[in-house]
Amino acid sequence: MSASGNAGTHPSLIVITGPTASGKTRRAVELARELDGEIISADSRQIYRGMDLGTGKDIEEYGDVPVHLIDICPAGYKYNLYEFLRDYRTAYADIVGRGRMPILCGGTGLYVESVLKGLALPEVPENRPLRDSLRGKTLEELTGILASMKSLHNTTDVDSCQRAIRAIEIQSYYAEHPEAASQAEPHPVKDALVIGVSVDRDTRRRRISKRLRARLDAGMLDEMRRLLDSGIEPDDLIYYGLEYKYLTLHLTGVLSYEEMVSQLEIAIHQFAKRQMTWFRGMERRLPDIPVHWLDHDLPTDEFNRRIIDLIK
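What counts, and at which threshold
Residues numbered from 1 in each chain as written. Predicted model: local features only at pLDDT ≥ 70, side-chain atom pairs only at ≥ 80, totals over all residues. Heavy atoms only, no water. Salt bridge = Lys/Arg side-chain N within 4 Å of Asp/Glu carboxyl O. Helix = DSSP H or I, 4+ residues; strand = E, 2+ residues; numbered from the N terminus. Phe/Tyr/Trp six-rings, centres within 6.5 Å; stacked < 30°, edge-to-face > 60°. Buried < 20%, exposed > 50% of the residue type's maximum accessible area, 1.4 Å probe, protein only. Axes fitted to C-alpha atoms, helices over the stretch in contact; angles between N-to-C directions. Parallel < 35°, antiparallel > 145°, perpendicular 65-115°, else oblique. Left-handed = near helix turned anticlockwise from the far one by under 90°. Contact = heavy atoms within 4.5 Å. Nonpolar A, V, L, I, M, F, W, Y, C, P; charged D, E, K, R; others polar. Pairing = 2+ DSSP bridges. Core = buried A, V, L, I, M, F, W, Y, C linked by side-chain atoms within 4.5 Å.

A few words on the pattern of salt bridges. Under the criterion given, the structure shown has 28 salt bridges. Between Arg-98 and Glu-38 there is a salt bridge whose closest N-O contact spans 2.6 Å. On the criterion of sequence distance, the pair formed by Arg-98 in the loop between helix H2 (81-97) and strand S6 (101-105) and Glu-38 in strand S2 (residues 37-41) is long-range, its members being 60 residues apart. A salt bridge links Glu-243 to Arg-215, with the nearest nitrogen and oxygen atoms 3.9 Å apart.

For the structure shown, the criterion picks out seven aromatic pairs. Taking 6.1 Å as the distance between ring centres and 80° as the angle between the ring planes, the aromatic pair formed by Tyr-240 and Tyr-244 counts as edge-to-face. With relative accessibility at 8%, the residue Tyr-240 sits in the buried group. Using a relative accessible area of 0% as the deciding quantity, one classes Tyr-244 as buried.

Moving on to the packing of helix H8 (residues 201-217) against helix H12 (residues 257-285). In the contact formed by H8 and H12, the axes pass within 10 Å of each other and the chain directions differ by 135°. Between H8 and H12, the interaxial angle falls into the category oblique. In this structure, H8 crosses over H12, and the sense of that crossing is right-handed. For the pair H8 and H12, the contacting residues are Arg-204, Arg-205, Ile-208, Ser-209, Leu-212, Arg-213 and Leu-216 in the first and Tyr-257, Met-260, Val-261, Leu-264, Glu-265, Ile-268, His-269, Ala-272, Lys-273 and Met-276 in the second. Here the contact of H8 with H12 is composed, by residue class, of ten nonpolar, two polar and five charged.

Let's shift gears to the sheet that holds strand S7 (residues 192-198). Strand order in the open sheet made by the six strands is S4-S2-S6-S1-S7-S8, with parallel pairing throughout. The strands lining the two open edges of the sheet, one partner per strand, are strand S4 (67-68) and strand S8 (291-295). Of the pairings in the sheet, the one linking strand S1 (residues 13-17) to S7 comprises five bridges and is parallel in character. If you follow Ile-14 over to S7, its bridge partner there is Leu-193. Against the sheet, helix H3 (residues 109-117) touches S1, S6 and S7, its axis set at about 160° to S1.

Judged by nonpolar contacts, the single largest core of 65 residues is most densely connected at Phe-84, Tyr-88, Leu-104, Leu-116, Leu-227, Leu-247 and Met-282. The leading source of residues in this core is H12, at ten residues. Beyond its immediate chain neighbours, meaning those up to four positions away, Leu-227 contacts Gly-50, Met-51, Ala-75, Ile-232, Leu-237 and Tyr-244. Ala-28, Cys-105, Leu-193 and Ile-307 belong to the second largest nonpolar core, which has 22 residues in total.

Written as structure tokens, this is what we have:
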């Protein structure tokens with residue numbers, strides 16, 4: 001993993017990323033205080049109101065540091081990449097316009113990489129006839145259809161039937177509207193400074209297990225009950241994956257409590273592994289934007305000093 005690159009230019013954006021349970025939120029907050037910065041969340045689930053413990057929102061960690069793109073949608077809504085990039089650009093312009101440093105923080109690799117690529121996706125309307133024609137197809141069949149339309153660089157397009165159908169819908173729109181496809185051409189943000197919070201596998205596993213139990217003790221099941229009691233359909237919560245999938249399966253009688261905890265813990269470990277696979281792939285796909293990996297257990301002063309040295 002690279003340890004050279006952006007030094008010598010003042011970055012237009014600082015990114016703090018890494019796998020779940022690496023402590024990146026705390027690092028971003030400490031850096032924001034040091035650099036008079038504001039944080040833009042790059043977490044695909046923390047945008048939802050009422051989904052706090054399940055997404056590890058840790059609102060109290062931000063303290064007096066402004067944070068954008070958290071709690072902007074109702075639970076049950078299906079936020080997408082187009083909306084994220086639109087909202088990111090709005091938040092970024094606002095922060096820069098006030099002379100402050102934007103710090104993008106989160107572990108949703110698709111969001112981080114799309115920002116660094118400089119993607120600006122056109123809005124793609126719903127295609128009801130196409131959706132109807134695809135309904136009932138297996139995820140494998142949908143993946144095959146999508147693979148015939150584009151190169152599958154990431155698995156997030158095909159991690160559920162709903163997402164695969166949306167991805168096919170977008171590619172179909174691009175085929176019919178080439179001018180829209182050209183808008184989606186990337187313009188990489190080469191003056192971004194990307195910091196990865198590195199944590200070894202065994203430590204990461206311990207932190208994930210400890211954090212899961214702490215969230216359960218803090219009332220994560222009650223949070224899930226409130227969401228279901230508010231009228232959100234179980235399938236809509238399952239769609240969000242991980243905690244929302246397994247706790248909903250427990251609350252609807254599919255899994256026992258012990259099965260839920262065991263299967264969820266395994267799923268989070270697998271998720272963290274996939275995140276690291278994504279970040280390594282991102283380094284290959286964006287060779288001009290290196291990731292500077294810093295150990296998760298560096299003292300705050302040292303962590304910030306290394307970033308400031310890279311800026312200088």
